[in-house]
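Coordinate analysis (summary)
These are the residues of each chain, in order.
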Amino acid sequence: LWIWDVGANDAVAEIALEGNVIEELAWSPDSQFVAVAIGSELQIYNVMTEELVTSLDVETTLTSVDWAADGTMIVLADTSGLTVVPILDIIGGSSN
């Protein structure tokens, strides 16, 4: 996954994904993280470090992903409906 600065016409990050087909992706409200749906797995990457922060296997193919406006939850959708997932505090390891 390439992160591109269109104004500068330059790649600012290259994230090596764990999987090959992106179903959906969404930027966190603060633009520090990107959530990527790959098959049945949600992967969250730190854009600055280009590292996988956490992943979650939901055991069904994801069709959509989006962040809550405050960045504390992610809404996932598959063919059967919606699921709301609280996001763990990435630094402290506790729920927001």
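Model, not experiment: these values are computed from the prediction.

Within the chain one finds zero helices and nine strands. Helices and strands appear in the chain in the N-to-C order β-β-β-β-β-β-β-β-β. The buried share of the chain, taken over its 96 residues, is 29%. The long-range fraction of contacts in the chain, counting pairs at least 24 apart against all pairs at least 6 apart in sequence, stands at 25%. Of the accessible surface of the chain, which amounts to about 5,900 Å², a share of 51% is contributed by carbon and sulfur atoms.

Core analysis: the biggest nonpolar cluster contains eleven residues, these being Ala26, Phe33, Ala35, Ala37, Leu42, Ile44, Leu62, Val65, Trp67, Ile74 and Leu76. Elements represented by at least two residues in this core include exactly β4 (33-38), β5 (41-46), β7 (62-67) and β8 (73-78). In this structure, Ala13, Ile15, Val34 and Tyr45 belong to the second largest nonpolar core, which totals eight residues.

This part takes up the side chain of Asn46. Take Asn46: it is sitting in strand β5. Polar side-chain contacts of Asn46 include one of 2.8 Å to the backbone nitrogen of Met48. For Asn46, the contacting residues outside a window of four places in its chain are Gln32, Phe33, Glu51 and Val53.

Of the strand pairs in this sheet, strand β1 (residues 2-5) and strand β2 (residues 10-14) are connected by four bridges, and their pairing is antiparallel. Each bridged residue has a counterpart across the sheet, and for Trp2 the counterpart in β2 is Glu14. The antiparallel pairing of β1 with β2 creates a hairpin that spans four residues between the two strands, and Asn9 there sits at a positive phi of about 55°.

Further remarks concern unusual backbone geometry. It is generally the case that most residues other than glycine have a negative phi and that most peptide bonds are trans. One non-glycine residue, Glu50, lies in positive phi territory at about 65°. Following the sequence through the fold, Glu50 ends up in the loop between β5 and β6 (51-57).

The next thing to look at is the environment of Val21. Summarising the element assignment, Val21 is placed in the loop between β2 and β3 (24-27). With 18 residues separating them along the chain, Val21 and Gly39 place their C-alpha atoms 7.2 Å apart.

To continue, consider the environment of Glu23. You can see Glu23 is positioned in the loop between β2 and β3. The class of Glu23 is partly exposed, set by a relative accessible area of 37%. Spatially, the C-alpha atom of Glu23 lies 8.6 Å from that of Thr61, the residues being 38 residues apart in sequence. Excluding residues within four positions of it along the chain, Glu23 makes contact with Ala37, Gly39, Thr61 and Leu62.

Moving on, we get to the sheet that holds β6. Pairing within the open sheet is antiparallel, and its four strands lie in the order β3-β4-β5-β6. The outermost strands of the open sheet, each flanked by one partner alone, are β3 and β6. Recorded for the sheet is a direction-independent mean angle of 20° between the axes of neighbouring strands. Across six bridges, the pairing between β4 and β5 is antiparallel. By the bridge assignment, Ala37 is partnered in β5 with Leu42.

Thresholds applied
Residues numbered from 1 in each chain as written. Predicted model: local features only at pLDDT ≥ 70, side-chain atom pairs only at ≥ 80, totals over all residues. Heavy atoms only, no water. Helix = DSSP H or I, 4+ residues; strand = E, 2+ residues; numbered from the N terminus. Buried < 20%, exposed > 50% of the residue type's maximum accessible area, 1.4 Å probe, protein only. Contact = heavy atoms within 4.5 Å. Areas by Shrake-Rupley, 256 points an atom, 1.4 Å probe, with all protein chains shown as cover. Core = buried A, V, L, I, M, F, W, Y, C linked by side-chain atoms within 4.5 Å. Polar contact = N/O pair within 3.5 Å; in protein donor to acceptor, adjacent residues only side chain to side chain. Pairing = 2+ DSSP bridges. Axes fitted to C-alpha atoms, helices over the stretch in contact; angles between N-to-C directions.

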